[in-house]
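# Commentary on secondary and tertiary structure
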Amino acid sequence: MNNIEKGEMLYEGKAKKVYRTNDRDKFIVEYKDDATAFNGEKKGTISNKGIVNNKMSAVIFQLLQDMEIENHYIEVLSDREMLVKSVEILPVEVIVRNIAAGSMAKRLGLQEGRKMKTPILEFCYKSDELGDPLINEYHIEALEWATKEEIKTIKDYTFRINEILSVYFLEKNLTLVDFKLEFGLHNGRVILADEVSPDTCRLWDATTGEKLDKDRFRRDLGNVEESYQEVLRRIKG
Ligand code: UDP
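Reference entry: report on the structure contained in this document. Residue numbers here run from 1 along each chain, matching the order of that chain's written sequence. The model is predicted, so local features are restricted to residues of pLDDT at least 70 and side-chain atom pairs to those at 80 or more, both for listing and for counting; the totals for chains, interfaces and linings are taken over all residues. Note that water and hydrogens are dropped before the side-chain values are worked out from all heavy atoms of the structure.

Right, let's talk about the nonpolar core for a bit. Among buried residues, the Ala, Val, Leu, Ile, Met, Phe, Trp, Tyr and Cys ones that are joined through side-chain atoms within 4.5 Å form a nonpolar core. Burial classes: relative accessible area under 20% of the type maximum marks a residue as buried, over 50% as exposed, and values in between as partly exposed (1.4 Å probe, protein chains only). Grouped together as the largest cluster of nonpolar side chains are 52 residues, with contacts concentrated most on F123, I161, L165, F169 and F183. By definition, any uninterrupted DSSP run of H or I lasting at least four residues is a helix, any uninterrupted run of E lasting at least two residues is a strand, and each is numbered from the N terminus. It is helix α4 (residues 148–171) that provides the largest number of residues to this core, a total of eight residues.

Okay, structure coming up:
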């Protein structure tokens, strides 16, 4: 519709490929079925995951845009491809936790499922070689991964996103346990990028507590593909 042509591949990650286009302000993100866990130690595929993650991310990014959370999403191009604004990803992963699970439960010896009084925000340095180590705001500022102002924008956005998405998912009978966000710079502004999917969010059925996210793959719980489809079905429904 806007004569976008896919150019050279810029980057291939564990779950996505990013391509340049004939418009220097726009990239194409292609979602793969490849799945990895435990810092790449466990590898596999989840059939049709790329399609679910593309569609779900599109819905969530649109919802966030409607709530004035600037993000890279422009439009869906195909089952596995979306057109996004070109961004330079900041080397920081932002994790929000509403309920103890995963690495935080392990690190602090907490029972998985323990509800916290307030949401917890964590930062990790995005480095596969180092296993995404936990850092804090001082590391980010001192090592110039983002400025103080950019960190403030990221924190403001992140807490708002958590409020919006917690309510949104609960309407779909899903509990948003924790999730990871990545931000990037577009024309010098910080905007939300990457994806929001069962790969990057822990989502539990709000009634039964059943896990409907990548933990089914990480922990060999079975029904992995079905769980991704179920999340998409609830979001579309
Ligand atoms: N997460 C992610 N990518 C990462 C690390 C974490 O998307 O590289 C997400 C993960 O799916 C979960 C949340 O961030 O929703 C918190 O993950 P945690 O630190 O517990 O790590 P994990 O259990 O994945 O090792």
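Along the chain, E93 falls in strand β8 (residues 88–99). This count recognises Lys and Arg as positive and Asp and Glu as negative, with His and chain-terminal groups excluded. Definition used for salt bridges: Asp or Glu carboxyl oxygen within 4 Å of a side-chain nitrogen of Lys or Arg. Buried and unpaired, E93 has K180 as its nearest opposite-charge partner, separated by 4.3 Å. When residues no more than four places from it in sequence are discounted, the contact partners of E93 are E122, F123, C124, K126, D132, K180, L181 and E182. Residue contacts follow a heavy-atom distance rule, with two residues in contact if any of their heavy atoms lie within 4.5 Å.

In this section: the site of the ligand. Residues are labelled near a given molecule or strand when at least one of their non-hydrogen atoms is within 4 Å of it. Around the ligand sit 15 residues in total, of which R97, S103, D178, R202 and R218 are the nearest. A 3.5 Å cut-off defines polar contacts: any pair of N or O atoms within that distance qualifies, except that in protein one atom must be a possible hydrogen donor and the other a possible acceptor, and neighbouring residues in sequence count only when both atoms are side-chain atoms. Within the contact set of the ligand, an oxygen atom lies 2.6 Å away from a side-chain nitrogen or oxygen of R97. Look at the ligand: alone it shows 500 Å² of surface, and the protein chains cover 79% of it. For the shell around the ligand, the secondary structure elements donating two or more residues are β8, α2 (102–108), β11 (174–186) and β13 (201–205). All amino acids are sorted into three groups, where Ala, Val, Leu, Ile, Met, Phe, Trp, Tyr, Cys and Pro are nonpolar, Asp, Glu, Lys and Arg are charged, and the leftover types, Gly among them, are polar. Residue composition of the shell around the ligand, grouped by class: four nonpolar, three polar and eight charged. Only the protein chains shown count as cover for residues, with accessible areas throughout obtained via the Shrake-Rupley method and a probe of 1.4 Å.

A few words now on the packing of aromatic side chains. Two numbers describe a pair of aromatic rings. These are the distance of the centres and the angle of the planes. The aromatic pairing rule takes the rings of Phe, Tyr and Trp, using the six-membered ring of Trp, and pairs them if the centres are within 6.5 Å, calling planes under 30 degrees apart stacked, those over 60 edge-to-face and the rest tilted. Applying the stated rule across the entire model yields four aromatic pairs. With a centroid separation of 6.4 Å and 20° between ring planes, the pair formed by F61 and Y73 is classed as stacked. Here Y73 lies in strand β6 (residues 73–76) and F61 lies in helix α1 (residues 49–66), a separation of 12 residues in the sequence. A residue is classified by how much of its surface remains accessible, and F61, at 0% relative accessible area, is buried. Overall, Y73 belongs to the buried group, its relative accessible area being 10%.

With that settled, consider α4. The span expected for a helix works out to 1.5 Å for each residue beyond the first. The terminal C-alpha atoms of α4, which comprises 24 residues, lie 35 Å apart, in line with the 34 Å expected from a rise of 1.5 Å per residue. Count one or two residues on from α4 and you reach N173, which has phi positive near 60°.

With that out of the way, let us pick up the sheet that holds strand β1 (residues 6–12). Whenever strands of a sheet pair, they do so through backbone hydrogen bonds, lying parallel or antiparallel. Any two strands between which DSSP finds at least two bridges are classified as paired. What the five strands build is an open sheet, ordered β1-β2-β3-β7-β6; its pairing is antiparallel. Of all the strands in the sheet, just β1 and β6 have a single pairing partner and so form its edges. Adjacent strand axes in the sheet meet at a mean angle of 30°, parallel and antiparallel pairs treated alike. Where strand β2 (residues 16–21) meets strand β3 (residues 26–31), five bridges bridge the pair, whose relative direction is antiparallel. Each residue of the ladder has a partner; that of V18, found in β3, is V29. Each of β3, β6 and β7 (81–85) touches α1; the most contacted strand, β6, lies at about 135° to it. To obtain an axis, a line is fitted to C-alpha atoms, over the contacting stretch when the element is a helix, and the angle between two such axes runs from 0 to 180 degrees between their N-to-C directions.

Going through the model one piece at a time under the given rule, you end up with 33 salt bridges. A salt bridge links K6 to E30; the nearest nitrogen and oxygen atoms lie 2.8 Å apart. Of this pair, K6 sits in strand β1 while E30 is found in strand β3, placing the two residues 24 residues apart along the sequence. On the basis of relative accessibility, which here comes to 36%, the residue K6 falls in the partly exposed class. Where E12 meets K32, a salt bridge forms, and the shortest distance between an N and an O atom there is 2.6 Å. Of this pair, E12 sits in strand β1 while K32 sits in the loop between β3 and β4 (34–37), and the two are 20 residues apart along the sequence. The class for E12 is partly exposed, based on a relative accessible area of 43%. Classification of K32 as buried rests on a relative accessible area of 12%. The network of salt bridges with shared partners includes R97, R107, E112, E122, D178, R202, K211, D215, R218 and R219.

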